[in-house]
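# Structural features, examined
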Amino acid sequence: MSKLTKLIAIMAASAGVAGGIITTTNPINASAATKFRYYKNIKNHAYKVTNKKAVIYTNGKIKHKTGAKLGQYGKYVTGYYASHVTVNGHKKVYYKFKTASGHTGWVWHGWLKKVSNKKVSVNTNSNKPLTGSAAEAANGFGPSDFERLSKGKRFKMNISEYRQGFLDTVNAERAKRGISALKQDTGLNQVAMQRDLGVGSTSIGSHYTADGRLAAKVLAEKIGINYVKSETLGMDAVNMISHGLNSDEDIDPNTNLNTVIDSAYNAGKARALAYIYDDADSDWGHRDILLNSAYNVIGIGSHAIHDNTVATNAAVLGTK
């Protein structure tokens, strides 16, 4: 772990996660409307740069350019992570790469040609202090997120553990702010599992039904529950290091966003932290829902999808 993975944390285009991947021969136009879909781990591999003037982006959301061009870093790079986005209805794939000098970035995969593995190493011969991506590498954060996974341990969905990780983290954050803890609610768990994006829930991509009602409340009323107030929807790549979703190149020592997502508990923890500390793209709406002192019960849903590389999330909150 996104930045897996920015946002209405809905990642509404998750319908594409379950479907086939479609790519085109054209890179993204920066002025086009770009919607992040999901991250996916790929095997480390050497690539030859085929366009020296290719634009580099700062993160997998493909919204901000670095100002550098791909050719500035040499003829070869190592690709090790993929971001799937949608541009004007077309699905496209960008690769995260690392250079021999320790630089990282995101570039359209069409500008990279896979070649027989060519060793690309981080330059550690300089006496100057390492900074940025090179510092991450020296501390075990590169060149692949897999390097920080604990002794080969891998994520496996366990809904009880996922819920506990999410709930423990949310309640710890509420406690820091003097807000009473949420209690897990069996009925709301049932609603959350139906709202979760991993089951193709109703009103997918929106919190509301066609007639403007909160979708979670509609589902709850069908099973006799009348205390639903709000919900959050999101998803994260697993078997990775989560640095937070808005700035996936940054390690944030202040908010402890750097979570190794190698278990269901940690997947729940990472999602809760992303909602609370990395929700600027949603104008902090998800954070405010989880930290609302008027709510006292919560239901949590999650599924492992896309060949067990993504954990979806739904949290339904209420007042009882």
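Treat the numbers as computed from the prediction; the structure is a model and nothing was measured.

So, about the pattern of salt bridges. Here the structure, examined in full by the defined rule, presents six salt bridges. The shortest N-O distance in the salt bridge between Glu173 and Arg177 comes to 3.0 Å. On the accessibility criterion, Glu173 (5% relative accessible area) is buried. Three or more residues are tied together by salt bridges with common partners; here these are Glu173, Lys176 and Arg177.

Because an α-helix completes one turn every 3.6 residues, residues spaced three or four positions apart along the sequence face the same direction. Taken residue by residue, helix α4 (residues 186–195) has Gly187, Leu188, Asn189, Val191, Ala192 and Arg195 as its buried positions. Taken together, the buried residues of α4 touch α3 (159–176), β8 (183–184), α5 (215–222), β9 (228–237), β12 (297–301) and β14 (310–318). The opening residue of α4 is Asp185, an N-cap whose side-chain oxygen sits 3.1 Å from the backbone nitrogen of Gly187.

For the rest of this paragraph, the subject is the packing of aromatic side chains. According to the stated counting rule, one finds eight aromatic pairs in the structure shown. Within the aromatic cluster, the residues linked to one another by ring pairs are Phe36, Tyr39, Tyr81 and Trp106. A cation sits over an aromatic face here: Lys61 above Phe36, 5.2 Å from the ring centre. Over the aromatic face of Tyr275 sits the side chain of Arg271, whose NZ or CZ is 4.4 Å from the ring centroid.

With that settled, the discussion passes to the side chain of Asn313. Inspection of the secondary structure puts Asn313 in strand β14. A polar side-chain atom of Asn313 sits 2.7 Å from a polar atom in the side chain of Tyr275.

Looking at the element boundaries, Gln164 is found in helix α3. Counting along the chain gives 20 residues from Gln164 to Gln184, while the straight-line C-alpha distance between them is 9.2 Å.

Turning next to a positive patch on the surface. Taken together, the side chains of Lys48, Lys52, Lys75 and Lys113 present a region of like positive charge at the surface. With respect to the secondary-structure elements, Lys48 resides in strand β1 (residues 34–49). Taking the relative accessible area as the measure of exposure, Lys48 reaches 38% and is therefore partly exposed.

Let's shift gears to the side chain of Ser230. Within the secondary structure, Ser230 sits in strand β9. Residue Ser230 is classed as buried on the basis of its relative accessible area of 12%.

Here we come to the nonpolar core. Membership of the largest hydrophobic core comes to 37 residues, with the highest contact counts inside it found for Phe166, Leu290, Ile298 and Leu317. For this core, the secondary-structure elements that each account for two or more residues are β1, β4 (76–87), β6 (104–108), α3, α6 (264–277), α7 (285–290), β12 and β14. For this core, the element with the most residues is α6, which contributes six residues. Looking at which domains feed residues into this core, each of domain 1 (35–114) and domain 2 (152–318) gives three or more. Apart from residues no more than four positions distant in its own chain, Ile298 is found in contact with Phe166, Leu167, Leu182, Lys183, Gln184, Asp185, Leu188, Asn189, Leu290, Ala315, Val316 and Leu317. Listed in part, the 19 residues of the second largest apolar core include Ala216, Ile225, Tyr227 and Leu233.

Rules and cut-offs
- Residues numbered from 1 in each chain as written.
- Predicted model: local features only at pLDDT ≥ 70, side-chain atom pairs only at ≥ 80, totals over all residues.
- Heavy atoms only, no water.
- Salt bridge = Lys/Arg side-chain N within 4 Å of Asp/Glu carboxyl O.
- Buried < 20%, exposed > 50% of the residue type's maximum accessible area, 1.4 Å probe, protein only.
- Helix = DSSP H or I, 4+ residues; strand = E, 2+ residues; numbered from the N terminus.
- Contact = heavy atoms within 4.5 Å.
- Polar contact = N/O pair within 3.5 Å; in protein donor to acceptor, adjacent residues only side chain to side chain.
- Phe/Tyr/Trp six-rings, centres within 6.5 Å; stacked < 30°, edge-to-face > 60°.
- Lys NZ or Arg CZ within 6 Å of the ring centre and 35° of its normal.
- Patch = residues over 30% accessible without salt bridge, like charges linked within 9 Å, V, L, I, M, F, W, Y side chains within 5 Å.
- Areas by Shrake-Rupley, 256 points an atom, 1.4 Å probe, with all protein chains shown as cover.
- Lys, Arg positive; Asp, Glu negative; His and termini not counted.
- Charge placed at Lys NZ, Arg CZ, Asp CG, Glu CD.
- Core = buried A, V, L, I, M, F, W, Y, C linked by side-chain atoms within 4.5 Å.
- Domains from an automatic or database assignment.

Honestly, that's just the spatial picture; any functional story needs more than this.
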